[in-house]
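Single-letter residue listing:
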Amino acid sequence: MCGVAGIFGIESAERYVAEILFAIQHRGQESCGLSVKMANGDIATYKQMGLVKHVFTSEVFDRFTGVNAIGHVRYPTAGSSDILNSQPHTVPLPDGSTLAFCANGDVVNYAEWREFLEKRKVAFTSNNDGELIARLIAYRMFAEGLAIEAAIESIQRDIEGAFSALLLYRDQLYAFRDPHGFRPFVMGHRTWQGVGEMPSQGTCFASETCAFGIIGAQFVREVKPGEIIRLEPNRPATTVAINGATPRHCIFELIYFSRPDTLTFGEFVYRVRKKIGATLAHYDHDIPSGDDLAVMAVPDSSNFVALGYAAEKEVPFEMGLIRNHYVGRTFISPYQKKRDEGVKQKFNPLPAFFEGKRVVLVDDSIVRGTTLRKIVRMIRGAGAKEIHVRIGSPRVIGPCFYGIDTPTREELIATRMSLQETCVYLSADSLKHIELDDLLRIVARPGDFCTACFSGDYLYVPPSFVKSNAPGC
Ligand code: AMP
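As the structure is a computational prediction, the values presented were derived from the model and not from experiment.

What is the right way to look at a nonpolar patch on the surface in this model?
On the surface, Met49, Ile83 and Leu84 cluster together into a nonpolar patch covering about 220 Å² of accessible area. Mapped onto the secondary structure, Met49 falls in strand β3 (residues 43–49). Met49 sits in the partly exposed class, given a relative accessible area of 31%.

How do you make sense of unusual backbone geometry when you look at a structure like this?
With an omega of 5°, the peptide bond between Gln87 and Pro88 qualifies as cis. Looking at the secondary structure, you find Pro88 in the loop between β4 (66–74) and β5 (89–92). With omega at -5°, the peptide bond leading from Pro299 into Asp300 counts as cis. Summarising the element assignment, Asp300 is placed in the loop between β17 (293–297) and α9 (303–313). Even without a glycine there, the phi angle at Phe265 is positive, about 55°. The topology assignment puts Phe265 in the loop between β15 (263–264) and β16 (267–268). Given the relative accessible area of 2%, Phe265 is considered buried. Positive phi, close to 60°, is recorded for Ser427, a residue that is not glycine. Residue placement: Ser427 occurs in the loop between α13 (419–426) and β23 (430–433).

Would you explain the site of the ligand in this entry?
Close contacts around the ligand come from 16 residues, with Tyr75, Asp364, Arg368, Gly369 and Thr371 the closest. The separation between an oxygen atom of the ligand and a polar main-chain atom of Thr370 is 3.4 Å. Between the ligand and Thr371 there is a distance of 2.5 Å, counted from an oxygen atom to a side-chain nitrogen or oxygen. Isolated, the ligand exposes 500 Å² of accessible area, and the fraction of that covered by the protein chains is 94%. Elements represented by at least two residues in the shell around the ligand include exactly α7 (251–257) and α11 (370–381).

Help me out: how do you make sense of α13 in this one?
Structural remark: α-helix, 3.6 residues per turn; residues separated by three or four positions point the same way. Among the residues of α13, those classed as buried are Thr422, Cys423 and Leu426. For α13, the angular spread of the buried residues around the axis is 105°, confining them to a single face. Residues of α13 that are exposed and angled more than 90 degrees away from the buried face: Gln420 and Val424. Check the buried side of α13 and you find it contacts α11, α12 (413–416) and β23.

Help me out: how do you make sense of the pairing of strand β21 (residues 358–363) in this one?
Every regular strand shows the same layout, with side chains that alternate between the two sheet faces. Burial within β21 is extensive, with six of its six residues counted as buried. Relative to β21, β17 runs parallel, the two sharing five bridges. Looking at β21, one finds that Ala297 is bridged to Val362. Judged from the six bridges that link them, β21 and strand β22 (residues 386–391) form a sheet pairing that is parallel. Paired with Val359 across the bridge in β22 is Ile387.

Can you walk me through the pairing of strand β9 (residues 186–192) in this structure?
In terms of strand pairing, β9 meets strand β11 (residues 218–222) through four bridges, oriented antiparallel. Paired with Met187 across the strands is Arg221, a residue of β11.

Cut-offs and rules
- Residues numbered from 1 in each chain as written.
- Predicted model: local features only at pLDDT ≥ 70, side-chain atom pairs only at ≥ 80, totals over all residues.
- Heavy atoms only, no water.
- Patch = residues over 30% accessible without salt bridge, like charges linked within 9 Å, V, L, I, M, F, W, Y side chains within 5 Å.
- Areas by Shrake-Rupley, 256 points an atom, 1.4 Å probe, with all protein chains shown as cover.
- Salt bridge = Lys/Arg side-chain N within 4 Å of Asp/Glu carboxyl O.
- Helix = DSSP H or I, 4+ residues; strand = E, 2+ residues; numbered from the N terminus.
- Buried < 20%, exposed > 50% of the residue type's maximum accessible area, 1.4 Å probe, protein only.
- Near = heavy atom within 4 Å.
- Polar contact = N/O pair within 3.5 Å; in protein donor to acceptor, adjacent residues only side chain to side chain.
- Arc of directions from axis to C-beta.
- Contact = heavy atoms within 4.5 Å.
- Pairing = 2+ DSSP bridges.

Shown next as structure tokens:
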């Protein structure tokens, strides 16, 4: 999982891109980077491992400045923690210019197109699928003679998978999305008034709308599935083509990945989460209310689900677990021991809070089961007399090939244990997930969502049904 940011036609574009990336840091904490169209005409790129606030210093902004810029935050994936895989990727072109590219998503048929290009003597510097798309566009333009827009259309036709993408080339910025719109991608405007001048307007792009407020921009609309938008100086944003197919928006963005203050796929994320909680509460007529009943979240991803549950059941929402915000993502560590320790470092129970309590413990998802097993034990040790675990997603039965990092199928607890066995494994008194049909009833256009990780209904599957070797975005 990753996040993208783009600014067109605003002075100090690099600073605004960095602000957007800071707002969507939750989408990727491994590395970040930006590419800027400089005053001398060059497209310059700066990227580093680390967080936005550490990487983009004022010295960096002094060196890399312009009115058009794109940027990227990358999600940590096991074994690929490498600056070479970070984005944006740049490709020097035979005409002396440079193409800079970044995307959020995952290419499913990576191996096929990498082989295609390598057979034609195209050299790669990374294993990242963003580099593959950038090089394929450059190849189509300079070896096959396609115009840039036709080259982008060929990507939408040939590349299977997810990409919400930004490309800088000469004076232009292109924003484009895969035909199914797997990953979120939104466009905004920023208007400002200089002294004695007519108001000026610039365009911005981001993975999530929550990033627009911070830069004083207004959300305009989503980039449509399959859309290609061109920005060039002194012209309004132009839709070059819309090569859309049936939408397959990632439902997990609504459950877990997007920030609650984001509007994505036409849905307010916090509202969806509250309705998930209310739906879970309807499953629980057999849990009587009472002073000893506490409804609480595993903070922070399931806060709104727990709020929705508590409101529906008319029971107070409690904050029994305190989260240390300085602990990074434990989920991703390739080592179980490290994941276990990470959970302990991350969460701590309130003293004396749990004694004699019946607890409805709400989380957004169970993947391997690491987090909840530890937390249930922690709460039980703190004195809880009953623990009912409620999950805001159906059981995860398969990996994602479209941009969410999930472990292999074999590591998923739902492929190894029945619901009842999982409940015992967690040492919970009961365990319930929201049903997929009920989840889909919450969104306005259920047919527009990809539910492959819960249903097994994949659109594209890598040939061997293992995640391709390409470290995603
Ligand atoms: P696990 O401990 O393996 O069961 O993972 C479940 C926890 O990790 C949940 O509490 C989620 O908040 C979080 N989570 C689920 N999917 C992801 C993901 N793809 N990346 C990072 N965290 C995740």
